[in-house]
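Chains, contacts and geometry: an overview
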Amino acid sequence: MELKEYFKRQTLRIKITNKCNLRCPFCHGEGGFKELDEIEPNSEFKAVITQICQKHNIKDFVITGGEPLLHPKLIEIVSILKSFQSDTTVRIVTNGTIGLSEEQWSSLFDAGVRAVTMSINDIHGPYVETQLANLKFIRKRNVLAKVNIVATDINHVKESVNLLSASEPGINIVLLNNIYERDKSENVVKQFLHELKAEEIGYVERRNTSNKMKEYMIPGQACHLYVKTFYKYKHELYCRNCNEVNCYEGYYGMRLEKYKGRYYIRTCLQRDDNRLRIDNEMR
């Protein structure tokens, strides 16, 4: 699947675990409750997913955390999500620091994973070889892969793009702004695009959300570069009574999480008062 096509699909993000082996300072952790239950691939989970799919015609599931690769029953969760419709896309968002064998990745792909988003934010750290090895296994199966890089420093962005472009030609790279240092991060992106003479060649978006990106071509770089833009999309229902001045994205989409034995839909990273309990508001 092309990246542009992926961004047109109706999406549900599912936070299957709160556990993570990293503590990245710029990570928003999908918002939500501080303490969450780990989602189990049982009949209750399948009933919840069925209810949401029937109401919202979901075509695309994004498995997040925490770190999804830490979940011991990840394959079973993927199998449930993939069982709904033949054209359903299941994507995993991971930091890629947990080394899986080619056989383990193949098991995930056979279960139904069709796309992987990996965050690589320290190419000088102890995990980069593991992350690159995971990328090779993913791309070997022609699974859609994109790498997120948070634009914290100009040299960090340059070195990361150079490394990925050289080791994985044609890889999709997405530059993200650091939401906690927005002005600095935006300046880093502008400087990077200017210094490398990047040419804007396209625009992709997930309709009716704040998820919009510009596509660039960089002379001499063998990659597809995208830059996530700050765009505050106001949802007519979920955002209509919100006066949050620090909101940086508006409505991004629906996030499913489990807290104290109950499933909730979360529609905002900033607020706790507009989450929807599945057995009430979602009926």
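Residues numbered from 1 in each chain as written. Predicted model: local features only at pLDDT ≥ 70, side-chain atom pairs only at ≥ 80, totals over all residues. Heavy atoms only, no water.

Concerning the overall build of the protein chain
Regarding its fold elements, the protein chain presents 7 helices and 12 strands. Once the C-alpha set of the protein chain is aligned to its principal axes, its extents read approximately 55 × 50 × 30 Å. A burial count over the protein chain gives 52% of its 283 residues as buried. A separation of at least 24 residues holds for 69% of the contacts in the protein chain among residues at least 6 apart in sequence. Side-chain charges in the protein chain split into 42 positive and 36 negative, and the spacing between the mean points of these groups amounts to 4 Å. (Helix = DSSP H or I, 4+ residues; strand = E, 2+ residues; numbered from the N terminus. Buried < 20%, exposed > 50% of the residue type's maximum accessible area, 1.4 Å probe, protein only. Contact = heavy atoms within 4.5 Å. Lys, Arg positive; Asp, Glu negative; His and termini not counted. Charge placed at Lys NZ, Arg CZ, Asp CG, Glu CD.)

Observations concerning the packing of helix α3 (residues 74-82) against helix α4 (residues 102-111)
For the pair α3 and α4, the least separation of the axes is 8 Å and the interaxial angle reads 20°. Between α3 and α4, the angle falls in the class roughly parallel. The handedness of the crossing between α3 and α4 comes out as right-handed. Here α3 contributes Leu74, Ile75, Val78, Ser79 and Lys82 to the contact with α4, which in turn contributes Ser107, Leu108 and Ala111. The class makeup of the residues in the contact of α3 with α4 is 5 nonpolar, 2 polar and 1 charged. (Axes fitted to C-alpha atoms, helices over the stretch in contact; angles between N-to-C directions. Parallel < 35°, antiparallel > 145°, perpendicular 65-115°, else oblique. Left-handed = near helix turned anticlockwise from the far one by under 90°. Nonpolar A, V, L, I, M, F, W, Y, C, P; charged D, E, K, R; others polar.)

Looking at helix α2 (residues 43-56)
The first and last C-alpha atoms of α2 sit 20 Å apart over 14 residues, in line with the 20 Å expected at 1.5 Å per residue. Where α2 is concerned, the buried positions are Phe45, Val48, Ile49, Ile52 and Cys53. Looking down the long axis of α2, one finds its buried residues gathered within 130° of arc, a one-sided arrangement. Exposed and oriented more than 90 degrees from the buried face of α2 are Ser43 and Gln54. For α2, the secondary structure elements touched by its buried residues are β1 (11-15), β2 (60-64), α3, β10 (254-259) and β11 (262-266). For α2, the capping residue at the N-terminal end is Asn42, with a side-chain oxygen 3.3 Å from the backbone nitrogen of Glu44. (Expected span 1.5 Å × (residues − 1). Arc of directions from axis to C-beta. Polar contact = N/O pair within 3.5 Å; in protein donor to acceptor, adjacent residues only side chain to side chain.)

Remarks on the nonpolar core
In this structure, Leu12, Ile14, Phe45 and Leu256 are the most contacted members of the largest nonpolar core, which totals 65 residues. Apart from residues no more than four positions distant in its own chain, Leu12 is found in contact with Ile49, Ile52, Ile58, Asp60, Phe61, Val62, Met254, Arg255, Leu256 and Ile265. Formed by 7 residues, the second largest nonpolar core is a distinct cluster that contains Leu3, Leu144, Val204 and Tyr226. (Core = buried A, V, L, I, M, F, W, Y, C linked by side-chain atoms within 4.5 Å.)

Remarks on the sheet that holds β2
Spatially, 12 strands are ordered β7-β8-β9-β6-β5-β4-β3-β2-β1-β10-β11-β12 in an open sheet, and the strand pairing comes out mixed. Only two strands of the sheet have a single partner each, and these edge strands are β7 (199-205) and β12 (276-277). With 4 bridges connecting them, β2 and strand β3 (residues 89-94) associate as parallel partners. For Ile63, the partnering residue across the bridge sits in β3 and is Ile92. (Pairing = 2+ DSSP bridges.)

A word on the environment of Lys73
Note that Lys73 resides in the loop between β2 and α3. Judged by relative accessible area, Lys73 falls into the partly exposed class, the value being 36%. As a C-alpha pair, Lys73 and Val188 span 115 residues in sequence and 39 Å in three-dimensional space. Setting aside residues no more than four positions away along its own chain, Lys73 makes contact with Glu40 and Pro41.

A look at the layout of surface pockets
When its volume is computed, the second largest pocket comes out at roughly 370 Å³. Lining the second largest pocket are 17 residues, with Gln10, Thr11, Arg207, Thr209 and Tyr251 positioned closest to its centre. Taken together, the residues of the lining of the second largest pocket break down into 5 nonpolar, 7 polar and 5 charged. (1 Å grid on protein atoms, 1.4 Å probe; cavity = no way out; pocket = protein on both sides within 12 Å on 5 of 7 lines; lining within 4 Å. Points joined across faces, edges and corners; volume = space filled by probe spheres on them.)

Notes on the pairing of β1
Burial analysis of β1 places 5 of its 5 residues in the buried class, which makes it a mostly covered element. Here β1 shows two buried faces, one formed by Thr11, Arg13 and Lys15 and the other by Leu12 and Ile14. Strand direction decides the pairing type here: β1 and β2, joined by 5 bridges, are parallel. When the sheet's bridge partners are listed, Leu12 is paired in β2 with Phe61. As paired elements, β1 and β10 share 3 bridges and run parallel to each other. Across the sheet, residue Leu12 finds its bridge partner in β10, namely Met254.

Some points on the packing of aromatic side chains
A ring pair, where both rings are aromatic, is described by two values, the distance of the centres and the angle of the planes. Going through the model one piece at a time under the given rule, you end up with 3 aromatic pairs. Seen from their ring centres, Phe61 and Phe84 are 6.5 Å apart, and the 45° between their planes marks the pair as tilted. With a gap of 23 residues between them, Phe61 in strand β2 and Phe84 in the loop between α3 and β3 connect regions that are remote in the sequence. Classification of Phe61 by relative accessible area gives buried; the value is 0%. Overall, Phe84 belongs to the partly exposed group, its relative accessible area being 24%. Ring geometry for Trp105 against Phe109: centres 5.8 Å apart, planes inclined by 20°, an arrangement best described as stacked. Of this pair, Trp105 and Phe109 both sit in helix α4, separated by 4 residues, roughly a single helical turn. There is no split in this pair, since Trp105 and Phe109 are both buried. (Phe/Tyr/Trp six-rings, centres within 6.5 Å; stacked < 30°, edge-to-face > 60°.)

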